[in-house]
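# Chain and residue survey
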Amino acid sequence: MQKIVIVGGGFAGINLAKSLSNKRQFEVILIDKENYNFFPPLIYQVATGFVEYSNISYPFRKMFGKSSNVRFLLGSLRKINPQENTLETENQTISYDYLVLAMGTETNYFGMENIKKNALPLKTITDALAIRNHLLQNLEKASQSKSKEELEKYKTIVIAGGGPTGVEVAGMLSELGKVVITNEYPELKELKGAIHIVSATNSLLTPMSEKAQNEAFKQLNRLGVDIKLNLAVKDLIDQKVVLSNGETINSNTLVWAAGVIAKEAKGLPEESIGAGRRILVNEYNQVLYTKNIFAIGDVCLQISDVNYPKGHPQLAQVAIQQANLLAKNIANLISEKSLIPFKYVNKGSMAIISKHKAVVDLPKGFYKGYFAFLTWLFIHIIPIAGFRNRLNLAFNWLLNYVTNNSALRYILNLKN
């Protein structure tokens, strides 16, 4: 029996574990610092109070409870010892025959300490709940403001990053401003004009098509979002957001969606680490300069695919496809069969902008609007782990869509 240790329970990690589940020739240990898997594409809806976090998350032990060979271990990777075929967590040292690194990425603050200390990242469930708390607390403070400057500070929201996360957060907050704020906070006017999205590139949704970029700009502009292109957020001082052109915005809310960096894998050879701290792998996702260590998903950088000479985009589909192929290749290794090189099959990308407004890029075309919104909704509900989660999410979505009013606006004390 071969012992396979998987570090990270995101798209890549759980799909690999599922592919290896109930196969008697493998003993599989899945390690993650959280005890649950969650669905990142919908995390912004937790942050804006549109869906509950339990609808997009699922415990690992329940997920693999009926598996005969997959075991979950709560912990964080501290160090890899390639010569000894072991890895260290904060609690123990674990041996392996094959090690698969699938830790994903973390927020990149580009060395800006004030932003790291004071901005609001959106990478985890905890981040999403912290943003929800912060936004609701700000609304309560704004309703009791004693000066125009104080009111402006609490009402104004700055979103750094014009990618899918930034666009989706801006659109959702604008919708909340039109409905929730108007109905529930008579002391305040609409948030229209109080939301800024700042992108260092010359467009929104840079990885997507020009049609998708133009549609995102058009719809956010229609919603009253202030769009700032070719600018970057450089600092956050005294509750003022400082931009690269010297402009300042009076706000204590900076949602940081401006970049990620691969999670660190201490112990790997230095020459195995590439740009953005991503782990360099060959066409079989084997970590360069190692024998039995692999990396899949956002944490790896694979330049062997002729269609992606600079590496694959850090998308869920890449992670899933790499995981499924690696399961086959590990079996091939053990049975001394030829390995299959990885080639990414692009199935398209999509982003939601606001209620019944979305954009979808497919290899053979582009579409937008209501049908794109329904496509986005369907695609994002299907992968949710657990039938009950899918049912709850679909019900909550339908209810919130019809009523325009979610009831998930609770201020939680996360410190207790």
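Scroll up for the structure.
These figures come from a predicted structure and were not determined experimentally.

## Some remarks on the overall build of the chain
Looking only at helices and strands, the chain features 11 helices and 25 strands. Buried positions account for 52% of the 416 residues belonging to the chain. Relative to all contacts within the chain whose residues are 6 or more apart in sequence, the contacts with residues 24 or more apart total 64%.

## Structural notes on the nonpolar core
Grouped burial of nonpolar side chains is what soluble globular proteins tend to show. Leu16, Val100, Ile159, Ile197 and Leu220 are the most contacted members of the largest nonpolar core, which has 74 residues in total. Sort the elements by how many residues they give to this core and helix H7 (residues 164-184) lands first, with 7 residues. Sequence-distant contacts of Leu16, defined by excluding residues within four places in its chain, comprise Ile6, Val100, Ile296, Ala323, Leu326 and Ala327.

## Things to note about the packing of aromatic side chains
One pass over the structure, following the stated rule, counts 6 aromatic pairs. Between the aromatic rings of Phe11 and Phe39, the centroid separation amounts to 5.6 Å while the plane-to-plane angle is 80°, which identifies the pairing as edge-to-face. In this pair, Phe11 sits in helix H1 (residues 11-20) while Phe39 sits in the loop between strand S3 (36-38) and helix H2 (43-47), placing the two residues 28 residues apart along the sequence.

## Considering helix H6 (residues 148-155)
Buried residues of H6: Lys153, Tyr154 and Lys155, and no others. The inward-facing, buried residues of H6 contact helix H5 (125-143), strand S12 (157-160) and strand S17 (248-250).

## Concerning the sheet that holds strand S8 (residues 93-95)
An order of S6-S7-S8 is seen for the 3 strands of this open sheet, with the pairing classed as antiparallel. Sheet topology places strand S6 (77-81) and S8 at the edges, where each strand pairs with a single neighbour. On average, each strand axis in the sheet is tilted by 25° relative to the strand beside it, whichever way the strands run. Direction of pairing for S6 relative to strand S7 (residues 86-89): antiparallel, over a ladder of 4 bridges. The partner of Leu77 across the bridge, within S7, is Thr89.

## So, the sheet that holds strand S21 (residues 293-295)
As summarised here, the arrangement of the 5 strands in space is S5-S2-S1-S9-S21, forming an open sheet in which the pairing is parallel. Each edge of the open sheet is held by one strand with a lone partner, namely strand S5 (70-74) and S21. Across this sheet, the average inter-strand angle for adjacent strands is 20°, counted without regard to direction. Pairing geometry for strand S1 (residues 2-7) and strand S2 (residues 26-32), over 6 bridges, is parallel. Paired with Ile6 across the strands is Leu30, a residue of S2.

## Considering the environment of Val255
Following the sequence through the fold, Val255 ends up in strand S18 (residues 254-256). Distance in space between the C-alpha atoms of Val255 and Ile131 is 8.0 Å, their sequence separation being 124 residues. When residues no more than four places from it in sequence are discounted, the contact partners of Val255 are Leu120, Ile131, Ile157, Val158, Ile159 and Ala160.

## So, empty space enclosed by the protein
All told, the structure shown has 4 cavities of 30 Å³ or more when counted by the stated rule. The computed volume of the second largest cavity comes to approximately 200 Å³. In terms of lining residues, the second largest cavity is bounded by 18 residues, among which Leu135, Leu136, Leu139, Leu173 and Leu176 are the most central. Of all the secondary-structure elements, those providing two or more residues to the lining of the second largest cavity are H5, H6 and H7.

## Side note on the pairing of strand S9 (residues 98-101)
Put simply, side chains in a regular strand alternate between the two faces of the sheet. The two faces of S9 match: Tyr98 and Val100 on one face and Leu99 and Leu101 on the other face are all buried. Across 3 bridges, the pairing between S9 and S21 is parallel. Each bridged residue has a counterpart across the sheet, and for Leu99 the counterpart in S21 is Ile293.

## Some words on the environment of Gly13
Structurally, Gly13 can be placed in helix H1. Given a relative accessible area of 0%, Gly13 falls into the buried group. For the pair Gly13 and Gly104, spaced 91 residues apart in sequence, the C-alpha to C-alpha distance is 9.3 Å.

Calculation rules
Residues numbered from 1 in each chain as written. Predicted model: local features only at pLDDT ≥ 70, side-chain atom pairs only at ≥ 80, totals over all residues. Heavy atoms only, no water. Helix = DSSP H or I, 4+ residues; strand = E, 2+ residues; numbered from the N terminus. Buried < 20%, exposed > 50% of the residue type's maximum accessible area, 1.4 Å probe, protein only. Contact = heavy atoms within 4.5 Å. Core = buried A, V, L, I, M, F, W, Y, C linked by side-chain atoms within 4.5 Å. Phe/Tyr/Trp six-rings, centres within 6.5 Å; stacked < 30°, edge-to-face > 60°. Pairing = 2+ DSSP bridges. Axes fitted to C-alpha atoms, helices over the stretch in contact; angles between N-to-C directions. 1 Å grid on protein atoms, 1.4 Å probe; cavity = no way out; pocket = protein on both sides within 12 Å on 5 of 7 lines; lining within 4 Å. Points joined across faces, edges and corners; volume = space filled by probe spheres on them.

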